[in-house]
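# Per-entry structural report
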Amino acid sequence: EDKMATILAEIFIYQQSNYAAHAELNVIDYSKMNTSLITSNGVTIKEFEDSYKYYINIPDLYNQILVKSRDYLEKKLPDEERIKREKLRTEIDEK
């Protein structure tokens, strides 16, 4: 689960950071970059695909992975922004 969360977060980071830079050129090859991100985490493409298919069919488990991905992404934010997001999430959860 942790590797899946990390890989999904890294794919998201790459796609978001490069979308704006290359949007008008329309030349982004996400499949090549995603392959590199997956294998750099010590996972084969086949393992990732099998794991993804498994997790996507168990919504509660997949949701836990997405929460871990969110947490991974938030740890990369400046402290002020990270704390603001955590506080907002706590307020929403309390409602």
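Structure shown above.
Let us look at the structure shown here. (Residues numbered from 1 in each chain as written. Predicted model: local features only at pLDDT ≥ 70, side-chain atom pairs only at ≥ 80, totals over all residues. Heavy atoms only, no water.)

Our next topic: the packing of helix α3 (residues 45–56) against helix α4 (residues 59–75). The N-to-C vectors of α3 and α4 enclose an angle of 115°; their axes lie 7 Å apart at closest approach. Mapping the contact onto sequence places Y52, Y54, Y55 and I56 in α3 and P59, L61, Y62 and I65 in α4. When its residues are assigned to classes, the contact of α3 with α4 shows 8 nonpolar, no polar and no charged. (Axes fitted to C-alpha atoms, helices over the stretch in contact; angles between N-to-C directions. Helix = DSSP H or I, 4+ residues; strand = E, 2+ residues; numbered from the N terminus. Contact = heavy atoms within 4.5 Å. Nonpolar A, V, L, I, M, F, W, Y, C, P; charged D, E, K, R; others polar.)

In this section: the pattern of salt bridges. Taken as a whole and judged by the stated rule, the model has 9 salt bridges. Across the pair E74 and R89 runs a salt bridge, and its minimum N-O distance is 2.7 Å. With E74 in helix α4 and R89 in helix α5 (residues 79–94), the pair connects residues that are 15 residues apart, well separated along the chain. The residue E86 makes a salt bridge to R82 at a minimum N-O spacing of 3.5 Å. Here the residue E86 and the residue R82 both occupy positions in helix α5, the gap between them amounting to 4 residues, near one helical turn. Residue class for E86 comes out partly exposed when judged on its relative accessible area of 32%. Salt bridges linked by common partners bring E1, D2 and K68 together as one network. (Salt bridge = Lys/Arg side-chain N within 4 Å of Asp/Glu carboxyl O. Buried < 20%, exposed > 50% of the residue type's maximum accessible area, 1.4 Å probe, protein only.)

This brings us to the nonpolar core. The nonpolar side chains of a soluble globular protein tend to be buried, and buried together. Residues M4, I7, L8, I38, F48, Y55 and I65 are the most contacted members of the largest nonpolar core, which totals 13 residues. At 5 residues, the largest contribution of residues to this core is made by helix α1 (residues 2–22). Not counting residues within four places of it along the chain, the set of residues in contact with M4 comprises F48, S51, Y52, Y55 and I65. (Core = buried A, V, L, I, M, F, W, Y, C linked by side-chain atoms within 4.5 Å.)

Moving on, we get to the side chain of E10. If you trace the backbone, E10 turns up in helix α1. Among buried charged residues, E10 stands out as having no salt bridge; its nearest opposite-charge side chain is K76, 6.2 Å away. Polar contacts involving the side chain of E10 include one to the side chain of N41, which spans 2.9 Å. Once residues within four sequence positions are removed from consideration, E10 is found in contact with L37, N41 and Y72. (Lys, Arg positive; Asp, Glu negative; His and termini not counted. Polar contact = N/O pair within 3.5 Å; in protein donor to acceptor, adjacent residues only side chain to side chain.)

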